[in-house]
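Analysis of the macromolecular model
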Amino acid sequence: MESEAIQAEKWFEGIVRGDRIQLGKALSLVESDRDDDRKMAVLLLEKCDAHVRSRKRSCRFAISGAPGVGKSTLLETLGIHIVEMGRTIGVLTIDPTSAMSQGSILGDKSRMSKLAVSSKAFIRSSAAGQVLGGMARRSMEMMLLLETAGYDIIFLETVGVGQSEHMAWQFTDGFILVIQPGGGDELQGMKRGITELTDILVINKADGALAPLARMAKAQFETALHYFSPLRSNWEAKVVTCSAIEGTGIPDLYQTIQSFEENLNAGDIVITRNRQQNMWLHWSLELLAKKLVMQHPVITQKLETVKAKLQESNGSPFRAEYEIEHLMKSLIFPPDDSKNK
Ligand SMILES: Nc1nc2c(ncn2[C@@H]2O[C@H](COP(=O)(O)OP(=O)(O)O)[C@@H](O)[C@H]2O)c(=O)[nH]1
Ligand SMILES: [Mg+2]
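Residues numbered from 1 in each chain as written. Chains lettered and ligands numbered in written order. Predicted model: local features only at pLDDT ≥ 70, side-chain atom pairs only at ≥ 80, totals over all residues. Heavy atoms only, no water.

Describing the nonpolar core
Soluble globular proteins tend to bury their nonpolar side chains together. Counting 46 residues, the largest nonpolar core has L23, L44, M135, L145, L146 and F171 as its most contacted members. With residues near it in sequence (within four places) discarded, L23 still touches I15, F122, L145, L146, A149 and Y151. (Core = buried A, V, L, I, M, F, W, Y, C linked by side-chain atoms within 4.5 Å. Buried < 20%, exposed > 50% of the residue type's maximum accessible area, 1.4 Å probe, protein only. Contact = heavy atoms within 4.5 Å.)

Given below as structure tokens:
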């Protein structure tokens, strides 16, 4: 049996060499919850982390927006343009076909069919079952693998609305919000407070009948954005209109992305990444803590008993919660018997 360290080195070398099959396998490895996979994943991720720290970093973007605004279509058109400009891109999406989904988001893979066959691009869809906070459970690790493989720009397409924006914002360098003209989307965006998170606002579908509406929305947003103090320092939010289908406005969008990259590289990327990693660590441990506590046999058993009792007596849940709260506390902070002796 090869030692684990040697195995991890092989994984790592394959990824750095540009072996796409190895990269694909590594992405599955870091998504796995199996104990042996977790162990290997950590060995590999440590190597990747050390590797990227000594090189020019990729720029990581979250691409967010309501289902159906055209995020995937945009990634295809923009992605092809970026590749034509001689750069490489990595895309992480959630595969909506693996969940019960609203019609508009079905068939994401087919939306990126041209980009998918480019040797300068790598697209990975995670199963929707793994989605937490609008991203895959292991998006952070997956971005690191793509960065190790040397992709210049990484896009993380988020799903869902609400909480997801903030999560994705925390873990990436730049936040691209995609909206479509009309439909009150503009206002919704403001209400949810996500305009503060937005580094680049893309008004997509600026074609056909929607084109004049898109121009109007652009003017409105450019004014509105002046009232928000940006959460990210040294960058003033930009508004771009485009049509992912017709390709208009795409070079403009890429230029904006490039200036964002320049801006990022002019700042201290080490501080930025350390902040992201700290937030990720908290997020990840919270998820883990919840999972472990809720899976503890003492808790699951008690919960079953309590639920059965509640149903029988048609009672109230408050005492049940109180009892389980104590049970949880005693499991995590066992009473110190020595004090009573
Ligand atoms: N007219 C128009 N339709 C678009 C454009 N971009 C995407 N669409 C359409 O909008 C629908 C949703 O696109 P999709 O990329 O799946 O959106 P996502 O859910 O945000 O990823 C599809 O029917 C696309 O063909 C665009 O620029 N113009
Ligand atoms: Mg999509």
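Examining the packing of helix α1 (residues 4-17) against helix α2 (residues 20-31)
Where α1 meets α2, the closest approach of the two axes is 8 Å, and the angle between their N-to-C directions is 130°. By the angle class used here, α1 and α2 are oblique. Taken as a pair, α1 and α2 cross one another with a handedness that is left-handed. Contacts from K10, W11, G14 and I15 in α1 reach Q22, L23, K25, A26 and L29 in α2. (Axes fitted to C-alpha atoms, helices over the stretch in contact; angles between N-to-C directions. Helix = DSSP H or I, 4+ residues; strand = E, 2+ residues; numbered from the N terminus. Parallel < 35°, antiparallel > 145°, perpendicular 65-115°, else oblique. Left-handed = near helix turned anticlockwise from the far one by under 90°.)

Things to note about the pattern of salt bridges
Applying the stated criterion across every chain, the model contains 18 salt bridges. Residue K39 is joined to E4 by a salt bridge in which the shortest nitrogen-to-oxygen separation is 3.6 Å. Taken together, the residues K39 in helix α3 (residues 35-53) and E4 in helix α1 connect sequence positions 35 residues apart. The exposure class of K39 is partly exposed, given its relative accessible area of 49%. Judged by its relative accessible area of 38%, E4 falls in the partly exposed class. With a shortest N-O distance of 2.7 Å, K47 and E9 are connected by a salt bridge. One end of the pair, K47, is in helix α3; the other, E9, is in helix α1, with 38 residues separating them in the sequence. The exposure class of K47 is partly exposed, given its relative accessible area of 27%. The partly exposed category is assigned to E9, whose relative accessible area is 28%. Bridged by salt links that share partners, the residues R57, R60, E147, D173 and R273 form one connected network. (Salt bridge = Lys/Arg side-chain N within 4 Å of Asp/Glu carboxyl O.)

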